[in-house]
Number of protein chains: 2
Amino acid sequence: MSQLKCQISVSLDGYVAGPNPSLEEPLGRNGERIHDWVVRTRAWREQHGYEGGEDGADSEIVDDMVRGIGAYIMGRNMFGGGPGPWDGEWRGWWGDEPPFHVPVFVLTHHPREPLEMQGGTTFHFVTDGIEAALERAREAAGDADVMLAGGAEAVQQYLRAGLVDELFLHIAPVVLGGGRRLLDGVGYVPLEQVEVVSSPRVTHVRYRVG
Amino acid sequence: MSQLKCQISVSLDGYVAGPNPSLEEPLGRNGERIHDWVVRTRAWREQHGYEGGEDGADSEIVDDMVRGIGAYIMGRNMFGGGPGPWDGEWRGWWGDEPPFHVPVFVLTHHPREPLEMQGGTTFHFVTDGIEAALERAREAAGDADVMLAGGAEAVQQYLRAGLVDELFLHIAPVVLGGGRRLLDGVGYVPLEQVEVVSSPRVTHVRYRVG
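Below is a summary of the structure that appears in this document. The residue count restarts for each chain, going from 1 along the sequence in the order it is written. For this description, chains carry letters from A and ligands carry numbers from 1, given in the order in which they are written. A pLDDT threshold of at least 70 governs which residues receive local features in this predicted model, and a stricter bar of 80 or more applies before side-chain atom pairs are shown or counted, although totals over entire chains, interfaces and linings include all residues. To obtain the side-chain values, all non-hydrogen atoms of the structure were used and water was disregarded.

Side note on the packing of aromatic side chains
Geometry of aromatic contacts follows a simple scheme: Phe, Tyr and Trp rings, the Trp one being its six-membered ring, pair when their centres are within 6.5 Å, and the pair is stacked under 30 degrees between planes, edge-to-face over 60, tilted otherwise. Throughout the structure, instances matching the rule amount to 16 aromatic pairs over all chains. Consider the rings of W44 of chain A and Y50 of chain A, whose centres lie 6.1 Å apart with planes at 20°: the pair is stacked. We classify W44 of chain A as partly exposed; its relative accessible area is 21%. For the ring pair W90 of chain B and W93 of chain B, a centre distance of 4.9 Å and an interplane angle of 80° mean the geometry is edge-to-face. Relative accessibility under 20% of the residue-type maximum defines a buried residue, over 50% an exposed one, and the middle range a partly exposed one, all with a 1.4 Å probe and only protein chains included.

Shown next as structure tokens:
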């Protein structure tokens, strides 16, 4: 069966976003430092339609992450949009051609028709829970794997349910001192460390869960 | 000037000990998994008077950690002993010949005469604060460095005061889900990642602080 993988960038103290998020700092105070490493890579820039960027270990990691992924799952905060009247208009943070190029299953409480974007990405809105979302994502992925893209709450739900096969963390060299923690409320989870790759900007550690 | 280094083992979710410590599990539930990697090394076993153990990257890390260290600082919980009547009798967790072999400055509120052990370790009890302890440790260390050995509270105090030069974490492959967190209450601390070494059992990351 295809695997449920999760990859996410965290600060050394385990936050996916810093304290006091605002319109000016949506990732919280100093939260962008978590992503310093990725936005500099050629692979990330290419995936998001920008020129340039740096080659090297980090860029290869980003390239590898999308290989073999046949569907994504993400929480409603990661997709964005609020429960207000504009909810039905919101088309995600990624413009007309999101960098997924496969079906994306968004966990939400608000039913909505699938949203077909350019370049192969279709957002499906799943209202009947994380297991249903995983089942649909696996079906869409076929032999390929499913990537749990975030945010923290969605990752916690899947970890608590024992459904995550692989946890791939990118540990950024910064202590944020507050914000949204990734691994809160998930209880005891034994891991097997299967790969460590590093650049001067970040440490990538891949774990097998359970 | 000699550097203040700090090295400590943590779980992936940042705990130095698990939840619900007891006499049977002094490091809390599953807390011993944080130290699985180190107790298997030849270097740690040799330092603590045991035979055997494994050579390799982890053992070399343990060997390297004590090189160039001229004095240690530790918090009162790490030294052990309580505020009760037996406080004055307590001689630490390490037997008659502790593995330090240099002066060790213990942060405490209880004045006590220095305690000279076998093999070069003398415990000095410092009651006038972390800066005084650092000053005395630096004086004792001469050109060598000072190692802040733990526990979490002592590390937090020195980090908050901006006195730590190097943070060397050994990140164990386990999520404990509760316990005593290392990097709580220290605010924003930018780091520079200077070295990553890994074995299948642990990821060692060395950071320059500030």
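Describing the sheet that holds strand β11 (residues 189-199) of chain A
Pairing between sheet strands relies on hydrogen bonds along the backbone, with the strands arranged either parallel or antiparallel. Note: two strands are recorded as paired if DSSP finds a minimum of 2 bridges between them. Only DSSP runs of H or I with at least four residues qualify as helices, and only runs of E with at least two residues qualify as strands; both kinds are numbered from the N terminus onward. Strand order in the open sheet made by the ten strands is β5(A)-β6(A)-β4(A)-β3(A)-β7(A)-β1(A)-β8(A)-β12(A)-β11(A)-β9(B), with mixed pairing throughout. In this open sheet, the two edge strands, each paired with only one partner strand, are β5 (115-116) of chain A together with β9 (174-175) of chain B. Across five bridges, the pairing between strand β4 (residues 103-107) of chain A and strand β6 (residues 122-126) of chain A is parallel. Following the sheet pairing, V104 of chain A is matched in β6 of chain A by F123 of chain A. Residue contacts are counted whenever heavy atoms from the two residues lie within 4.5 Å of one another. Axis lines are fitted to C-alpha atoms, over the contacting stretch for helices. Their N-to-C directions set the angle, which ranges from 0 to 180 degrees. Against the sheet, helix α6 (residues 152-160) of chain A touches β1 (4-11), β3 (69-74), β4, β7 (145-150) and β12 (202-209) of chain A, its axis set at about 130° to β7 of chain A.

Quick word on the interface of chain B and chain A
Counting residues at the interface gives 31 residues for chain B and 31 residues for chain A. Here the quantity called buried area is the total loss of accessible area, with a 1.4 Å probe, experienced by two parts when brought into contact, counted for both. Together chain B and chain A conceal approximately 2,500 Å² of surface at their shared face, both sides included; 55% is due to carbon and sulfur atoms. Contact with chain A buries area across many residues of chain B, yet L12, Y188 and Q193 of chain B alone supply 25% of it, more than any other trio. D184 of chain B serves as the salt-bridge partner of R181 of chain A, at 3.3 Å between the closest nitrogen and oxygen. Each polar contact in these results corresponds to two N or O atoms within 3.5 Å; when the atoms are within protein, one needs to be able to donate a hydrogen and the other to accept it, and residues that are neighboring in sequence are counted only if both atoms are side-chain atoms. The tally of links between chain B and chain A comes to 14 residue pairs in polar contact (both at pLDDT 80 or more). Sorting the residues of the side of chain B that touches chain A by element identifies β8 (166-172), β9, β11 (189-199) and β12 (202-209) of chain B as the ones contributing at least two each. Looking at the side of chain B that touches chain A element by element, the count peaks at seven residues for β11 of chain B. In the scheme used here, Gly and all other residues not listed as nonpolar or charged are polar, with Ala, Val, Leu, Ile, Met, Phe, Trp, Tyr, Cys and Pro taken as nonpolar and Asp, Glu, Lys and Arg as charged. Along the lines of polarity and charge, the residues of the side of chain B that touches chain A split into 19 nonpolar, seven polar and five charged. In what follows, salt bridge is the name for a side-chain nitrogen of Lys or Arg lying within 4 Å of a carboxyl oxygen of Asp or Glu.

Considerations on helix α6 (residues 152-160) of chain B
Every buried residue belonging to α6 of chain B is among A152, A154, V155, Q156, Y158 and L159 of chain B, and all of these are buried. Just downstream of α6 of chain B lies G162 of chain B, where phi reads positive at about 70°.

Remarks on the nonpolar core
Nonpolar core, defined: a set of buried Ala, Val, Leu, Ile, Met, Phe, Trp, Tyr and Cys residues in which side-chain atoms within 4.5 Å join the residues together. Formed by 74 residues in total, the largest nonpolar core has its most connected members in L12, I73 and Y158 of chain A together with L12, I73 and Y158 of chain B. Beyond its immediate chain neighbours, meaning those up to four positions away, L12 of chain B contacts L167, L169, I171, L183, L191 and Y207 of chain A together with I171, A172, V174 and V175 of chain B.

Points about the relation of the copies chain B and chain A
Each of the two chain copies goes to the other by way of a rotation about an axis and a shift along it. Here the copies were fitted onto each other by least squares, based on C-alpha atoms from residues at pLDDT of at least 70 in both. When chain B is fitted onto chain A, the two copies agree to an RMSD of 0.0 Å after a turn of 180° and an axial shift of 0.0 Å. Taken together, these values place the two copies in the relation of a two-fold axis. The fraction of interface residues of chain B whose copies in chain A are also interface residues reaches 100%, indicating that both copies meet through the same surface.

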